[in-house]
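Given next are the chains, with one letter for each unit.
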Amino acid sequence: MNAVDQLEIRRPDDWHVHLRDGEMLKSVVAYTARQFARAIIMPNLSPPATTAAAASAYRDRIWAALPEGSDFTPLMTCYLTDSTDPDDVAQGFEDGVFAAAKLYPANATTNSAHGVTDVARLMPVLERMQTIGMPLLVHGEVTDSDIDIFDREAVFIDRILSGLVQDMPDLKIVFEHITTSQAVEFVDGCGANVAATITPHHLHFNRNAIFAGGIRPHAYCLPVAKREQHRLALRKAAISGSPKYFLGTDTAPHEVHAKESACGCAGIFNAPFALESYAMVFDEENALDRLEGFASEHGPNFYGLPLNEDRVVLRRQTVIVPDDLEAAGSRIVPFHAGEDIGWQLQF
Ligand code: DOR
Ligand code: ZN
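Here we summarise the structure given alongside this text.

For the zinc ion (ligand 2), the full set of protein donor atoms is His-16 (NE2), His-18 (NE2) and Asp-250 (OD), at a range of 2.0 to 2.1 Å. Each donor residue of the zinc ion (ligand 2) belongs to the same chain, and together they define the spacing H-x1-H-x231-D. A single burial state applies to His-16 and to His-18, both of which are buried.

Our next topic: empty space enclosed by the protein. The full count for this structure, using the stated rule, is two cavities of 30 Å³ or more. His-18, Thr-109, Leu-222, Asp-250 and Ala-252 are, among the 17 residues lining the largest cavity, the residues nearest its centre. Classifying every residue of the lining of the largest cavity by side-chain character gives five nonpolar, nine polar and three charged. Estimates place the volume of the second largest cavity at around 30 Å³. In this structure, the second largest cavity is lined by Thr-179, His-202, Phe-205, Ala-225, Lys-226, Arg-227, His-230, Arg-231 and Leu-234. With three residues, the top contributor of residues to the lining of the second largest cavity is helix H8 (residues 228–239). Tallied by class, residues from the lining of the second largest cavity come to three nonpolar, three polar and three charged.

If you trace the eight strands from one edge of the open sheet to the other, you get E2-E3-E4-E5-E6-E7-E8-E9, paired in parallel fashion. The sheet terminates laterally at strand E2 (14–17) and strand E9 (245–247), the two strands that pair on one side only. For this sheet, the mean inter-axis angle between neighbouring strands, taken without regard to orientation, is 30 degrees.

Reading guide: rules and limits
Residues take numbers from 1 onward in each chain, read along the sequence in its written order. Working convention: letters from A go to chains and numbers from 1 go to ligands, in the order in which they are written. The predicted nature of this model means local features are confined to residues of pLDDT at least 70 and side-chain atom pairs, given and counted, to a pLDDT of 80 or more, with totals for whole chains, interfaces and linings taken over all residues. Calculated side-chain values reflect all of the structure's heavy atoms, with hydrogen atoms and water omitted. Atoms are scored as donors when they are N, O or S and lie within 2.8 Å of the metal, with 3.2 Å used for Na, K and Ca; no water is included, so coordination may look incomplete. For every residue, the accessible area obtained with a 1.4 Å probe (protein chains only) is divided by the maximum for its type, and the residue is called buried under 20%, exposed over 50%, and partly exposed between those limits. Using protein atoms alone on a 1 Å grid, points that fit a 1.4 Å probe yet trap it form a cavity, whereas open point sets bounded by protein on both sides within 12 Å along at least five of seven lines form a pocket; residues with an atom within 4 Å of a point count as lining. Grid points are joined across faces, edges and corners, and a volume is the space filled by probe spheres set on the points. Residues are grouped as follows: nonpolar covers Ala, Val, Leu, Ile, Met, Phe, Trp, Tyr, Cys and Pro; charged covers Asp, Glu, Lys and Arg; every other residue, Gly included, is treated as polar. Secondary structure elements are taken from DSSP: a helix is a run of H or I of four residues or more, a strand is a run of E of two residues or more, and numbering for both begins at the N terminus. When DSSP locates at least two bridges between a pair of strands, those strands are taken to pair. All axes here are fitted lines through C-alpha atoms, helices being fitted over the stretch that makes contact, and every angle between N-to-C directions spans 0 to 180 degrees.

And the structure:
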C-alpha cells in the first residue's frame, strides 16, 4: 500500500494552551491561532485569572493580540482557588465567558501557588459545576515533596481523582496532559464524563530525553515525562479512536534564559509545529486515519461544542524546525528544535 502523502482533516482545536500575557502573548498567540480554530486557554497568569471579570479582560487582551483577520476563538477557564465563589463560576459559564474551570493543586506547577490546597474545600463549586454541565480540568499531580516526582500522577489518581469521580459521578472531568499507563487505565475505566488530553511531547519522548548526554531543560515539563512503557500506553490511547482522548498541546512558552537556568521552568513550547508533531506520531503508528477524531472531533464532542466546518491539509514534506524563535524581545526554543519534521500544515 502506498504511504499517504497528503491528509485533509476537519480543522482542529487545541484543548490545553498557555498563551501568557503582555509581550509574550503578542509573540506566541499567532502560532496557535494559525493551526487551531479554538483553544482552551489556561488561567495560570500572575496573578491568576480567578474570576469571570478577570477572564473576560484576559480574553479581550487575547483578541487584541490576534493577527488581523484571524477567526481564532479563545475558550477561557476559571483558575480555582480555596475561595472560589460558586455563583461567579456558574454565572461566567452561563454568560459564555468560561468554557471550563481548572484545578491546580497548590504549588503543583508554574503559577499554581494560589491553587487548591484541599479538594474538599471545592465541593460547593464542583457540585454546582456538575449541575450545570461545566467541565473540570485537572492538573493531576500530588504536590507532597515526599512523593517521588515520577509517581505524583499515579498517587493523585489513588488519593484524589478516584474519590472525586465517585463523589461526583456526573461531573465532566478532563484529566489534563496525562503521562502514565495508570492514567490511561483510569480514564478507560470511567464513564463517558471522564476524558483526557495528551500532549505531543509525551507521545514523542520518555524521561531519558531529559538526561540525554547532559541535563536537557527543553525536555522538562510538568507532569514530567515518565518511562517508555508509559509513553507507549499514551500512544495506544491517542490512536485508539476512543472519544475519551483528545488533542491538548500544553504549549507553555518560557524565555530561553528561564529554561536554561540553575532552576529552569517547566514547559515545552510546541505551538509552532503542533499538528505536524502529532501527525508524525499517528503516521509512525500507521493510524493517520484516526488523527481527525483525536484532533478535531473528540474534544468538541466532549465539551458539547459544534465541530469546525472548515478543513486543513497536511502534506508529507520535510521541514527543519528552527533552533529558536524570537519572542517578547528574547528567544524561545521550540519543541523539535533543529530536527526534521515529516509533515507540513499547508497555509
Ligand atoms: O510544564 C508545564 N508548564 N506544566 C504546567 O502544568 C504548567 C506549564 C506552564 O505554565 O509553564
Ligand atoms: Zn498546562
